[in-house]
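Read off the chains here:
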Amino acid sequence: MAFILPDLPFAKDALGDNMSAETLDYHHGKHHKAYVDKTNGMIDGHSHDLSGASLSEVIKHAHKNGEKGLFNNSAQIWNHSFFWLGLASEGSTKPSDKLQSMIDSDFGSTDKLLEALQTESANHFASGWGWLILNNGKLEVTSLHDADTPVAHGMTPLFTVDVWEHAYYIDYRNARPDYLKSVLNNIVNWDFVSENLDGNGIARADQDG
């Protein structure tokens, strides 16, 4: 079996001015699809039999063995699938009680968490991803370069925001902070973020090959 381009969990026009249907046509339909196609091409005839390996297993294999092309493309499939799941047409109202308690303990408030994620992601140099992760029982905000992913480092991802330029240039041109403000304040799927505390949502970004 080959990896597939997963459907978006919402209609292409569902995110309104926060992320346009045109952006999703390119970002999901072309960029995300290209990572899927390239990964499948690299796995076909690979010296290790990776047919049937899950996406996360391919990522870990490529990272361990220094296969940059395979790592970059397979990790980008996973990152994008996780990103889409973390968005909702009007956001969800609030974090679960468990997540809210952790946010208050580790950041002081949801607003301060979002401010930290906005700052980290806006200041991230060049392409990459801003992440909210669970690390040793505490919430942390970090960013990773290019296609790098928590899957390769034993981190537990809770939410991500794409800061590659193709994620926002159609709608916001070079104004990355405006894009981040719109996404973080309006379309975060807190239900999905809350699910990830127990690992229940994370598996939805993975897939069998």
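Cut-off values and rules
Residues numbered from 1 in each chain as written. Predicted model: local features only at pLDDT ≥ 70, side-chain atom pairs only at ≥ 80, totals over all residues. Heavy atoms only, no water. Helix = DSSP H or I, 4+ residues; strand = E, 2+ residues; numbered from the N terminus. Contact = heavy atoms within 4.5 Å. Buried < 20%, exposed > 50% of the residue type's maximum accessible area, 1.4 Å probe, protein only. Salt bridge = Lys/Arg side-chain N within 4 Å of Asp/Glu carboxyl O. Phe/Tyr/Trp six-rings, centres within 6.5 Å; stacked < 30°, edge-to-face > 60°. Core = buried A, V, L, I, M, F, W, Y, C linked by side-chain atoms within 4.5 Å.

Student: Can you tell me about the environment of S194, naming the residues and giving the values?
Tutor: Its location among the elements puts S194 in helix α8 (residues 190-196). Taking C-alpha positions, S194 is 8.8 Å from D97, a pair spaced 97 residues apart along the chain. Beyond its immediate sequence surroundings of up to four residues, S194 is in contact with P95, S96 and L99.

Student: Which residues make up unusual backbone geometry, and what values go with them?
Tutor: With a phi close to 65°, A126 is a non-glycine residue in the positive phi region. With respect to the element layout, A126 can be found in the loop between α5 (110-123) and β1 (128-135). Residue class for A126 comes out partly exposed when judged on its relative accessible area of 44%. With a phi angle near 55°, R173 is a residue other than glycine that sits in the positive phi range.

Student: Can you lay out the pattern of salt bridges for me, pointing to particular residues and giving the numbers?
Tutor: A complete count under the given rule lists five salt bridges for this structure. The shortest N-O distance in the salt bridge between K33 and D37 comes to 2.8 Å. Here the residue K33 and the residue D37 both occupy positions in helix α1 (residues 21-43), the gap between them amounting to four residues, near one helical turn. Ionic pairing is found between K138 and D106, a salt bridge with its closest N-O pair at 2.9 Å. With K138 in strand β2 (residues 138-145) and D106 in helix α4 (residues 97-106), the pair connects residues that are 32 residues apart, well separated along the chain. For K138, a relative accessible area of 47% corresponds to the partly exposed category. Here D106 falls in the partly exposed class, since its relative accessible area comes to 23%.

Student: Could you give an account of the environment of L87, naming the residues involved and the relevant values?
Tutor: If you trace the backbone, L87 turns up in the loop between α3 (68-85) and α4. A relative accessible area of 2% means that L87 is categorised as buried. Along the chain, L87 and I187 lie 100 residues apart, while their C-alpha atoms are 5.4 Å from each other. If near-sequence neighbours (up to four positions away) are discounted, L87 is found in contact with F10, L15, M19, F159, V183, I187 and N189.

Student: Now, about the packing of aromatic side chains: what can you tell me, with residues and values included?
Tutor: This structure, assessed with the given rule, holds eight aromatic pairs. Each ring, one from W78 and one from F82, has its centre 5.0 Å from the other, and the planes form 15°; the classification is stacked. Taken as a pair, W78 and F82 lie in helix α3 at a separation of four residues, close to a single helical turn. Plain terms: the ring middles of W129 and W131 are 6.3 Å apart, the flat faces sit at 40° to each other, and that makes the pair tilted. Summarising the burial analysis for this pair, W129 and W131 share the class buried.

Student: How would you explain the nonpolar core if you had to name every residue and give the values?
Tutor: Residues M19, W78, L87, L139, F159 and Y179 are the most contacted members of the largest nonpolar core, which totals 62 residues. Tallying contributions element by element places α3 first for this core, with nine residues. When neighbours within four sequence positions are excluded, L139 is seen to be in contact with L99, M102, I103, D106, F107, L132, I133, L134, L158 and L197.

Purely geometric numbers; function is a separate question.
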